[in-house]
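# Inside the fold
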Amino acid sequence: MPLIKNTFHRPASSSPDPAAALTSVSPDERWAAARAAGDDPVNLAALAQVLARESDTRVREAIFTALARIATPESALAVLPYLRSDDANIRTGALDALRAMPEAVKAHLSQALADADADVRLLACDLIRNIRDEDAPRWLCEFLEIEHVANVCAAAVDVLAEIGDVQALPTLWRCAARFPNDPFLAFAIKVAADRLRANAPGSRV
Amino acid sequence: MAERKLRILIVDDASLVRHYYRQILEAKCFEVEEAMNGLEALEKLLVNAPDMLIVDVNMPQMDGITFLRTLRRQALPQSSIPALVISTEAGAQDIAAARAGGANFYLVKPLGWDVLTQYAAMFCGLPA
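Residues numbered from 1 in each chain as written. Chains lettered and ligands numbered in written order. Predicted model: local features only at pLDDT ≥ 70, side-chain atom pairs only at ≥ 80, totals over all residues. Heavy atoms only, no water.

## Let's talk about the nonpolar core
Of all hydrophobic cores here, the largest spans 94 residues; its most connected members are Leu98, Val157, Leu172 and Leu185 of chain A together with Tyr21 and Leu25 of chain B. Element by element, the count of residues in this core is highest for helix H11 (residues 150-163) of chain A, at ten residues. Two domains each put at least three residues into this core: domain 1 (17-107) and domain 2 (112-205) of chain A. Residue contacts for Leu98 of chain A: discarding those within four places in its chain leaves Ala76, Val79, Leu80, Leu83, Val105 and Leu127 of chain A. (Core = buried A, V, L, I, M, F, W, Y, C linked by side-chain atoms within 4.5 Å. Buried < 20%, exposed > 50% of the residue type's maximum accessible area, 1.4 Å probe, protein only. Helix = DSSP H or I, 4+ residues; strand = E, 2+ residues; numbered from the N terminus. Domains from an automatic or database assignment. Contact = heavy atoms within 4.5 Å.)

## With respect to the packing of aromatic side chains
Tallied over the entire structure, the rule returns five aromatic pairs over all chains. With centroids separated by 6.0 Å and ring planes inclined at 45°, the aromatic side chains of Tyr20 of chain B and Tyr21 of chain B adopt a geometry described as tilted. By relative accessible area, which is 1% here, Tyr20 of chain B ends up buried. Site record: aromatic cluster; members linked through ring pairs are Phe184 and Phe187 of chain A together with Tyr20 and Tyr21 of chain B. When the ring centre of Trp31 of chain A is taken as reference, the NZ or CZ atom of Arg58 of chain A above it lies at 4.6 Å. The ring of Phe105 of chain B has Arg99 of chain B sitting right over it, with the charged end atom 5.9 Å from the ring centre. (Phe/Tyr/Trp six-rings, centres within 6.5 Å; stacked < 30°, edge-to-face > 60°. Lys NZ or Arg CZ within 6 Å of the ring centre and 35° of its normal.)

## Overview of unusual backbone geometry
Following Leu76 of chain B, the chain continues to Pro77 of chain B via a peptide bond in cis, the omega torsion being 5°. The residue Ala71 of chain A is not glycine, and still its phi comes out positive at about 50°. With respect to the helices, strands and loops of the structure, Ala71 of chain A is situated in the loop between helix H4 (57-70) and helix H5 (73-79). The phi dihedral of Cys29 of chain B is positive, around 70°, even though this residue is not glycine. Note on placement: Cys29 of chain B falls in the loop between helix H1 (15-27) and strand S2 (31-35). Accessibility expressed as a relative area gives 52% for Cys29 of chain B, which makes it exposed.

See the structure below:
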C-alpha cells in the first residue's frame, strides 16, 4: 500500500463516456478518451467527427489508432480522406492506420484506386501489400493496364513484385511499353520480373 | 592511405526505390546505406553520420518531413548533414513543407541516373 495517497489527476480513461471526453479542452483528456474510444465501435462517429478538427499530433495519432482498432469498413472510410492531406504527418498517420486494418480497407480499394488524385492511387497500391486475398495480384494487374501516371505504376509494380506471380509478366511488359522513357519504371519492372521468375515453381534460385 | 568513400543514407520505404538509387550511386563509387523510415534513419545516424541524405516524404512510422525536423534540432554535426528530398509529391505546398522542415533541395520522382549522380556529387562537394 502506498504511503502517500495518490492525488494525481486521472485523465478521462476511466470516463464512462469516451465520446463526450473527446471534445474536452484538455489534450490529455482527449488523448485518453481517444484511446478508450477504440474499445467500442459505437464511438466511431464521434472519433471521425473529432479527427477532422483535432490539431494535437498526439491526440490525432490516438484517434487514428482507435479507428484502426475498430477496423470496420466504416472506420476505414473515416480515415481514407486523410490520405490527401497536405500535411505529411497526417498522411502517414492515415496510412499507418489503414495498413493496420487491411480487411476493412478492402471494401474501399476499388474506389481508392480510381481516385482522381494520383497520390491517393499510389498510396492505395501500397495498401494492397497487406491484404491477404488471392485476387490482389489481379487487382494490381488490371490497375496497371489503365494507370497513366508512371510513379503510380511504379508503386503498383513494387507491390506486385511481392505478392504476384509469373502470370503478371505480360502486364508488366505492356506497362513498360507504355512508358519507354521512364528509367525508374523500366528498372522497377525489370527487378519485379526477375523476382517473379525467380519465385516461380521449378525455377532455380 | 585509402581515401574514404563518401557515404549516402537513403531513407525511403519502397525497396525498389532504394535498390534503384543504390545501383546508381554505387556505380559512382558512393557508399550507400538504407533506412525504411525516419525512425530507422535517426537510429542509423547515431551510429555513423553520412555525408548526405536522400529522403522520401511519405513513409510509415515517421515521414520524411518529421524526420528532417527532428534531425535539424539535434546537435552538430548531425544536424547539418545536407538532405535531398525526392518525392512523388509535386505540389508547391509539399516543396514548401520540405524546405521548412530542413530539406536543402527537393526533386520530384522519377529521377534519371544523371540527375541523381549530379545532385549527389553537388551535395557531397565533388566537382561536377
